[in-house]
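Structural overview for review
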Amino acid sequence: MTRRLPRKDVVVVGLGWTGSILSYELCRAGLDVVAIERGPWRDTASDFNIGTAPDELRYAIRHELFLQPAQDTVTARNTPDQRALPIRTWGSFLPGNGVGGAGVHWNGHTWRFLPTDHNLRTHLISRYGESFLPENSLIQDWPMTYDELEPYHDQFEKVAGISGKAGNIKGTIQEGGNPFEGWRENEYPTPPLTMGYAQQLFIDGARKLGLHPFPKPSANLSVPYTNSYGVRMAPCTYCGFCERFGCANYSKASPQTCVLPVLVRQPGFEARTRCEVVKVELSADRKRATGVTYVDADGQMWEQPADIVLLCGYQFWNVRLMLISGIGTPYDPRTGEGVVGRNYCYQTSSGVTAFFDNVNFNNFAGAGSLGANLDDYNGDVFDHGPHGFVGGGGISNAVTNARPILFHPTPPGTPSWGSAWKREVKNWTNRVTSVGSQGSSYPYRDCFLDLDPTYKDRLGRPLLRMTFDYKPNEIRMAKFMADRCEEIARAMGASRIVRNDRGPGWSVVPYQTTHNTGGAVMGTDPGTSALNRYLQSWDVHNVFVFGASAFPQNAGYNPTGMVGALAYWGAAAIRDRYLANPGPLV
Amino acid sequence: MSARIIGRAGMRLAALLGVLLLAAPASAAPDDFERIERGRYLATVGDCVACHRGPNGPYGGGTALETPFGNIYPPNITPDRVTGIGAWSADDFWNAMHNGVRPDGAHLYPGFPYPNFTKVTRADSDAIFAFLQTLPPVNAPRRPTELPFPLNIRFAMFGWNMLFFSPGEFVPDPGKPAEWNRGAYLVEGLGHCGACHTAKNFLGADSGTSLGGGMVQGWTAPALTSDSRTGLGAWSVEEVMEFLRTGRNVRSAASGIMAEAVEHSTHAFTESDLRAIAVYLKSLPGDGADAPAPVAASDPTMRQGAAIYADGCQACHRGDGQGVEGIFSRLAGNQIAQQAEPAGLIRMVLAGSRAAATDAAPTAPAMPPFGWRLSDEEVAAVTTFVRNSWGNAGPAVTAADVAAQRGRLAGR
């Protein structure tokens, strides 16, 4: 039997980056906020203890910080005519779980998108003509410009303390930064991390080729920092335990290190952990949410009435909750009608592994976002006319770690076990690096999310079904990027280069990236978007949906910087406009 | 929130007065507002909740107060007439504060720091009482103490008082500035700093240098005197103030029981009271003891300790022992590291500790426990290293010292 709880002003579903930011901003506006999180409470002091945090077996192999597939998973297929099967062991991506969400186990690459990524469709058509767009693509403009979002990027970067070097301050190009980035009001809050030897070779090699390398903007902080909320962070120790790990040194920006210390001091805030929201409840006319229903760790069902419902889960779960709750019209790939589940995108990576003679990279001294980048081939920075594809990617050399279980690079032809393998691992561990491209992923009519007709979760709800494959445009782009990576690796002095190309047939098995985007995208047209420009549901005005699920398509960047900026953008809209006059903001 | 409590309590009191036609012990009449608010502040300065909190709220009592002799359960001090102090008069309260005696004539245990509170003025005592009488009454009977015979006989405290206690309000020193006198009044009286920071004899009474440092519940309460190695000699007035206000400063972070004191009490002190306390503490002389000669870096224990430090400690505390300002404590010059008694430092390494969280410094970083992975010998080596590096000096720690502290912690 479902028990009904006293009303709250706001219920937040999921307490990761967006959930903690929205909770804090709305508590400060005087609202009572309850955050409902299906995973456990996690705290730096208790859970990411320096004595136990760097445990590769526990965290990287056994996935302690991730959602357990037995608790919930997705089904996947490449094309609509296939039968999707459930993912029973995470591979291609690693959805987070628990307080902090993916903000706990991310690497910390923190980007803004290019101004032309915001008006992508308009820009590409004006430069190349509509016929240049890939067949069946659903490329859309974002509903806000780069200029409109700039202050909110700035706000997020100051909360997270991002380390980097600006390339464009108020229109003036800055030496050593990214000359292709959009204008920034301010320099980064903290200076870049200290580059390693491999990054130095990359920077020198890229410059020889006439390219424009710069330090990767990093949420692993270079110096001690007190953020705009008064929370103190410590400098990164280059320990190499970022991705898949919680940071024990208060050095990686996360909800734990940046927001929760002040959020838990708010009298209007309450968190309920190990509680999973099963449905958003709607009024009889389906124009308002009345609250949510959730199940606690003992299996007891509760109804939490609220005036505002914020979906702040990971991209998959936001989309599924909308589908299960009947918020917005589900996307139908046959007719192209409907919006929820539309514009699912991923990320298209490619690159090279580069082996060197006579170097010592000390790869163990890494950090999640210790790297050098260049944007000469990102987005529409370069002329795509001769190349026959759209999109691009950032190219980088990064040293995240040389952890003992998963890092043992050897050239092709090396035996995969035995003394010869051991000898080659020892030989190459400190003489290998990579040059990789993180490429864009654009939307297509037959790449989408919907509810699986067969498989259900432990609560009897249909699993989310993914239908996705890399398309010819993305495969051509990935090849072009790998060619560029190869040129740079050669300029760095690599003696042997192994290409990592991207072909058709996306596989859920090898890890690729956790940058799943779209499915509940924002836009200016309710016929092609689930959310308006304030991340507000077109259909249910007191439901706002945060996270990468709102991206119309994915750019050649990591998503968290954009996710953070959109959270502050949405928080401002709720606080300054919605509270005074609850109703559709557009 | 607080206004709501006052309002509700005031209504209850009014009802009580109407029915019982009592001469009010203290009423919440509007003209008492200032006195009650002053009492609220003074109750915070005295950190009443540190001991009187419990399952029934911040003043409802019931949490064990650990003493070397056994647990005491500080009582409910809400105005409940049966289980709290609702039937007390302001005179009764003053008698408890000033003489350590309950209205029924029974002696209080000095776990209730009446040897300090006796210095509180009558006006301040009355203000605290007036504030306590505005709290919502909570029905929470007191738990009996767990003291052994003969300490379980309260009259035994009569003899203790004969030996160690002389009642008397604080007398300002006319030769000192008002600020110093205010600081002395707060430190020696209501603030009861010496309850932890003054060493105790085998009967639990102050012994040795006042505020010369003590041990409480396995924590080091460092000297508050001007000793530059074990006390506040190297701290500026501003650094003392920042520590009390925020729980940290460039040198150190409050942890253990002091973290609680900051969170419940000192963070809320007025700037003028913080300055007065700092000025007074900075005036206290050290005991003048010479620093011991540091253990040589070439000593095998020091070399073992240096290796352990490099593996387990220096990522946060840095190779030069400077830590990271505002988050990881500086070990160079650290007081807790250099106390003659190493138990507090050993506890920190074995069991870890969490810094205070305050509005001014909300991060609350933690020192993780290492007892699970370091042997007694290794803890002795690394603590000896910390006590004798970067200009520090302190007697070497032995594996037996670590084993003893490990044994005490195992009993917690």
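The subject of this paragraph is the overall build of chain A. Across its full length, chain A carries 14 helices and 22 strands. The C-alpha radius of gyration computed for chain A amounts to 23 Å, which stays within 12% of the reference 25 Å derived for 586 residues, consistent with globular compactness. Across its three principal axes, chain A shows a C-alpha extent of roughly 70 × 55 × 50 Å. Burial statistics for chain A: of 586 residues in total, 56% are counted as buried. Relative to all contacts within chain A whose residues are 6 or more apart in sequence, the contacts with residues 24 or more apart total 76%.

Let's shift gears to the overall build of chain B. Each helix and strand counted, chain B has 18 helices and 6 strands in total. Taken over the C-alpha trace, chain B has a radius of gyration of 23 Å; the compact-globule value for 412 residues is 22 Å, and the two agree within 12%. When the backbone C-alpha atoms are referred to their principal axes, chain B occupies close to 80 × 45 × 40 Å. Here chain B, with 412 residues, has 49% of them falling under the buried criterion.

Further remarks concern the nonpolar core. One finds V12, V13, V309, L310, F546 and A550 of chain A to be the most contacted residues of the largest nonpolar core, which totals 261 residues. In terms of residues, this core owes the most to one element, helix 14 (residues 560-578) of chain A, which gives 10 residues.

Turning our attention to helix 7 (residues 146-160) of chain A. Residues and elements named next belong to chain A. In this model, helix 7 (15 residues) spans 20 Å end to end at C-alpha, consistent with the 21 Å of a helix rising 1.5 Å per residue. For helix 7, the full list of buried residues reads L149, Y152, H153, Q155, F156, E157, V159 and A160. The inward-facing, buried residues of helix 7 contact helix 9 (255-258) and helix 14.

Our focus in this paragraph is the pairing of strand 3 (residues 33-36) of chain A. Residues and elements named next belong to chain A. The alternating pattern of strand 3 places V33 and A35 on one face and V34 and I36 on the opposite face, and all of these are buried. Examined bridge by bridge, strand 2 (residues 8-13) and strand 3 share 4 bridges and lie parallel to one another. Residue pairing for strand 3: V13 is matched across the bridge by I36. For strand 3 and strand 11 (residues 269-272), the ladder comprises 4 bridges, and the chain directions are parallel. Note on strand 11: the bridge partner recorded for V33 is F269.

What follows covers the interface of chain B and chain A. The partner chain A presents 18 residues to the 19 residues of chain B that form the contact. Of the residues in the side of chain B that touches chain A, the class split is 13 nonpolar, 2 polar and 4 charged.

Bringing the domain arrangement of chain B into the picture now. One frequent convention defines the size of an interface as the accessible area lost when the parts assemble. All names here are of chain B. Partitioning chain B into domains gives domain 1 (2-164), domain 2 (178-282) and domain 3 (300-410). Computed over C-alpha atoms only, the centres of domain 2 and domain 3 are separated by 21 Å. Taken together, the 26 residues of domain 2 in the interface contact 27 residues of domain 3. Only strand 4 (219-221), helix 10 (237-246) and helix 11 (256-264) provide two or more residues apiece to the side of domain 2 that touches domain 3. When its residues are assigned to classes, the side of domain 2 that touches domain 3 shows 10 nonpolar, 11 polar and 5 charged.

All names here are of chain A. Overall, mixed pairing links the 4 strands, which are arranged 5-4-20-19 in an open sheet. The two strands at the open ends of the sheet, each matched to only one other strand, are strand 5 (85-86) and strand 19 (448-456). With 2 bridges connecting them, strand 4 (residues 74-77) and strand 5 associate as antiparallel partners. Across the sheet, residue A76 finds its bridge partner in strand 5, namely L85.

This part is about the sheet that holds strand 15 (residues 348-355) of chain A. Residues and elements named next belong to chain A. Strand order in the open sheet formed by 6 strands is 8-16-17-18-15-21, and the pairing between neighbours is antiparallel. The two strands at the open ends of the sheet, each matched to only one other strand, are strand 8 (214-215) and strand 21 (496-500). Bridge analysis of strand 15 against strand 21 gives 5 bridges, and the strand direction is antiparallel. By the bridge assignment, T353 is partnered in strand 21 with V498. Against the sheet, helix 8 (residues 197-208) contacts strand 16 (371-374), strand 17 (393-398) and strand 18 (432-439), and its axis sits at roughly 20° relative to strand 16. The sheet contacts of helix 13 (residues 472-492) involve strand 15, strand 17, strand 18 and strand 21, and relative to strand 15 the element is tilted by about 25°.

Residue and element names in this part refer to chain B. Two elements in contact, helix 2 (residues 33-45) and helix 6 (residues 122-132), have axes whose closest approach is 7 Å; the angle formed by their N-to-C orientations is 95°. In this view, helix 2 runs roughly perpendicular relative to helix 6, as classed from their interaxial angle. Contacts from R35, I36, R38, G39, R40, L42 and A43 of helix 2 reach helix 6 at D124, A127, I128, A130, F131 and L132. Taken together, the residues of the contact of helix 2 with helix 6 break down into 8 nonpolar, 1 polar and 4 charged.

What follows deals with the packing of helix 4 (residues 90-99) of chain B against helix 6 of chain B. All names here are of chain B. The geometry of helix 4 relative to helix 6 is characterised by a closest axis approach of 9 Å and an angle of 115° between their N-to-C directions. The hand of the helix 4/helix 6 crossing is right-handed. Here A90, F93, W94 and M97 of helix 4 come into contact with helix 6, specifically with R122, S125, D126 and F129. In the contact of helix 4 with helix 6, the residues fall into 5 nonpolar, 1 polar and 2 charged.

Turning our eyes to something else, we now look at the environment of T290 of chain A. All names here are of chain A. Positionally, T290 belongs in strand 13 (residues 289-295). Judged by the 17 C-beta atoms lying within 10 Å of it, T290 is partly exposed. With 16 residues separating them in the primary sequence, T290 and A306 have C-alpha atoms 5.9 Å apart.

This part takes up helix 14 of chain A. The end-to-end C-alpha distance of helix 14 of chain A, which contains 19 residues, comes to 25 Å, matching closely the 27 Å that a straight helix rising 1.5 Å per residue would cover. With 14 of 19 residues buried, helix 14 of chain A lies mostly within the body of the structure.

Let's shift gears to the environment of F355 of chain A. All names here are of chain A. Mapped onto the elements of the fold, F355 is located in strand 15. The class for F355 is buried, based on 20 C-beta atoms found within 10 Å. With 73 residues separating them along the chain, F355 and W428 place their C-alpha atoms 7.3 Å apart. Discounting residues that sit within four places of it in the chain, F355 has contacts with P411, W428, R431, V432, A494, S495 and R496.

Residues other than glycine seldom take positive phi values, yet Y238 of chain A does so here, at roughly 55°. Structurally, the position occupied by Y238 of chain A is in the loop between strand 10 (232-233) and helix 9.

All right, on to the confidence of the model for chain B then. Looking at chain B as a whole, the pLDDT averages 89, with 92% of positions reaching at least 70. Reported confidences for the modelled complex are a pTM of 0.92 and an ipTM of 0.89.

Let us now look at the pairing of strand 17 of chain A. Residue and element names in this part refer to chain A. Most of strand 17 sits inside the fold, with 6 of its 6 residues counted as buried. The pairing of strand 16 with strand 17 spans 4 bridges and is classified as antiparallel. Residue pairing across strands places A372 opposite N397, the latter belonging to strand 17. In terms of strand pairing, strand 17 meets strand 18 through 4 bridges, oriented antiparallel. Along strand 18, the bridge assignment pairs S396 with G436.

Criteria and cut-off values
Residues numbered from 1 in each chain as written. Chains lettered and ligands numbered in written order. Predicted model: local features only at pLDDT ≥ 70, side-chain atom pairs only at ≥ 80, totals over all residues. Helix = DSSP H or I, 4+ residues; strand = E, 2+ residues; numbered from the N terminus. Rg over C-alpha atoms; globule rule 2.2 N^0.38 Å. Buried ≥ 20, exposed ≤ 12 C-beta atoms within 10 Å, placed from the backbone. Contact = placed C-beta atoms within 7 Å. Core = buried A, V, L, I, M, F, W, Y, C linked by C-beta atoms within 7 Å. Expected span 1.5 Å × (residues − 1). Pairing = 2+ DSSP bridges. Nonpolar A, V, L, I, M, F, W, Y, C, P; charged D, E, K, R; others polar. Domains from an automatic or database assignment. Axes fitted to C-alpha atoms, helices over the stretch in contact; angles between N-to-C directions. Parallel < 35°, antiparallel > 145°, perpendicular 65-115°, else oblique. Left-handed = near helix turned anticlockwise from the far one by under 90°. pLDDT = per-residue confidence, 0-100.

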